[in-house]
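Chain residues, written in single-letter form:
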Amino acid sequence: MARAEPTPQPLTIGETVTLEALGAARAVNIVLPPDYATDPEKRWPVIYQLDGALTQDLMMGAGLMRWGALWGRSADAIVVGIETRDRQRELLPATKDSAEAKRWPTAGDSAAFRAWLAGTVKPLVETRYRTDGRAFLVGESAAGHFVVETWEEAPQLFTGYAAISPILQWDFEALSRKPLGEGPRPPLYLSLADEGGATESGMMRLLASLPPSQPFCFSDRRSELHHSTALHGLLPEALQYLMPTKADWLEEFGMVLRCEKRGGQG
């Protein structure tokens, strides 16, 4: 007798909702921990991942987070992937650099995009899902610039921030030149790959401006990583810094948190 072929079943890792921001519909993808449904009393931190569409960085980010949680390298979390449609418009402020303005004429609405995150996305997530009050914003390149800008402009919006290879050359390095003002800010993970030039000088200026009390970790990978491989290589480390565990075996397996520069108690 012929054996019946197995019937494929859907593989579900979360949910998606479609929202509108800056005149464009976009997906907000929520990837839940495996035991979310079976442990109804437990609450979870949330990682807000920019460039988080299915065709962007969502699956990589969720996979690296899951791998880190399996090893105990970082805490388990809900991942919220936020799709970007016009990255320069949504993630960057306006620029006075005529060359940048000519190449990316739509850039400049990062403040509006941040207001949408604060007023629409975060309340939706916090109402619908069992969160524990911790919220972390992560991004790379232009999204990394958005992370640093949010940390400067609206620091209390998130519990912690990770900016991987942020393009701090934007607008003549304006973000690194801006006075930070008074008051404590949440922990900030920063990294630099082989970008060089104004990206590097912007990062060095930003690091020099951080007060001694500011919790931060700077991972210097200029001789090891390219801009194109920075997110893949450093997101696990960023999550280890922002959501540490009590695991005492990590160094044995090479999961070392490398902070060439570090500040505060974070």
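Data block above holds the structure.
Criteria and cut-off values
- Residues numbered from 1 in each chain as written.
- Predicted model: local features only at pLDDT ≥ 70, side-chain atom pairs only at ≥ 80, totals over all residues.
- Heavy atoms only, no water.
- Core = buried A, V, L, I, M, F, W, Y, C linked by side-chain atoms within 4.5 Å.
- Buried < 20%, exposed > 50% of the residue type's maximum accessible area, 1.4 Å probe, protein only.
- Helix = DSSP H or I, 4+ residues; strand = E, 2+ residues; numbered from the N terminus.
- Contact = heavy atoms within 4.5 Å.
- Pairing = 2+ DSSP bridges.
- Right-handed = clockwise from strand over helix to strand, strands pointing away.
- Patch = residues over 30% accessible without salt bridge, like charges linked within 9 Å, V, L, I, M, F, W, Y side chains within 5 Å.
- Areas by Shrake-Rupley, 256 points an atom, 1.4 Å probe, with all protein chains shown as cover.
- Salt bridge = Lys/Arg side-chain N within 4 Å of Asp/Glu carboxyl O.
- Phe/Tyr/Trp six-rings, centres within 6.5 Å; stacked < 30°, edge-to-face > 60°.
- Axes fitted to C-alpha atoms, helices over the stretch in contact; angles between N-to-C directions.
- Parallel < 35°, antiparallel > 145°, perpendicular 65-115°, else oblique.
- Left-handed = near helix turned anticlockwise from the far one by under 90°.
- Nonpolar A, V, L, I, M, F, W, Y, C, P; charged D, E, K, R; others polar.

Caption draft 1: Molecular detail of the nonpolar core. Within the largest apolar cluster, 49 residues are counted, with the highest numbers of intra-cluster contacts made by Tyr48, Leu50, Ile78, Val80, Trp116, Val121 and Leu190. Sorting elements by how many residues they give to this core places helix 5 (residues 142-153) first, with six residues. With near-sequence residues (within four places) excluded, Val121 lies in contact with Leu19, Val28, Tyr48, Val80, Ile82 and Trp116.

Caption draft 2: Seen up close, the pairing of strand 7 (residues 188-192). With five of five residues buried, strand 7 lies mostly within the body of the structure. Alternating positions in strand 7 separate into two faces, Leu188, Leu190 and Leu192 on one and Tyr189 and Ser191 on the other, with burial throughout. Direction of pairing for strand 6 (residues 160-164) relative to strand 7: parallel, over a ladder of four bridges. Within strand 7, the residue paired with Ala163 across the bridge is Leu190. Following the backbone out of strand 6, through helix 6 (residues 170-177) and into the adjacent parallel strand 7, one traces a crossover that is right-handed. Here five bridges tie strand 7 to strand 8 (residues 216-220), and the two strands are oriented parallel to one another. In the sheet register, Tyr189 faces strand 8, and the bridge partner there is Cys217. As for the winding sense of the linkage, the β-α-β connection from strand 7 through helix 7 (residues 197-209) to strand 8 is right-handed.

Caption draft 3: Representation of a nonpolar patch on the surface. Together, Trp67, Leu70, Trp71, Trp249 and Phe253 line one region of the surface with nonpolar side chains, adding up to about 540 Å² of accessible area. Relative to the helices and strands, Phe253 is located in the loop between helix 8 (230-242) and strand 9 (261-263).

Caption draft 4: Representation of the packing of aromatic side chains within the structure. Under the definition given, this model contains seven aromatic pairs. With centroids separated by 5.9 Å and ring planes inclined at 55°, the aromatic side chains of Trp104 and Trp170 adopt a geometry described as tilted. One end of the pair, Trp104, is in the loop between helix 3 (98-103) and helix 4 (110-128); the other, Trp170, is in helix 6, with 66 residues separating them in the sequence. Take Trp104: its relative accessible area is 27%, and that puts it in the partly exposed class. Residue Trp170 is classed as buried on the basis of its relative accessible area of 3%. Considering the side-chain rings of Phe113 and Trp116, the 5.2 Å spacing of their centres and the 35° angle between planes classify their relative orientation as tilted. On the criterion of helical spacing, the pair formed by Phe113 and Trp116 is a turn pair, its members being three residues apart in helix 4. You'll find Phe113 and Trp116 in the same group, each marked buried. Put simply, the rings of Tyr48, Phe158 and Tyr161 pair up and form one aromatic cluster.

Caption draft 5: Seen up close, the packing of helix 1 (residues 58-71) against helix 8. Between helix 1 and helix 8, the least distance of the axes is 10 Å, while the angle of their chain directions is 45°. Judged by the angle between their axes, helix 1 and helix 8 are oblique. Between helix 1 and helix 8 lies a crossing of right-handed hand. The segment helix 1 lies against helix 8, with Met60, Gly61, Leu64, Met65 and Trp67 engaging Leu231, His232, Leu235, Pro236 and Leu239. Of the residues belonging to the contact of helix 1 with helix 8, the class tally is eight nonpolar, two polar and no charged.

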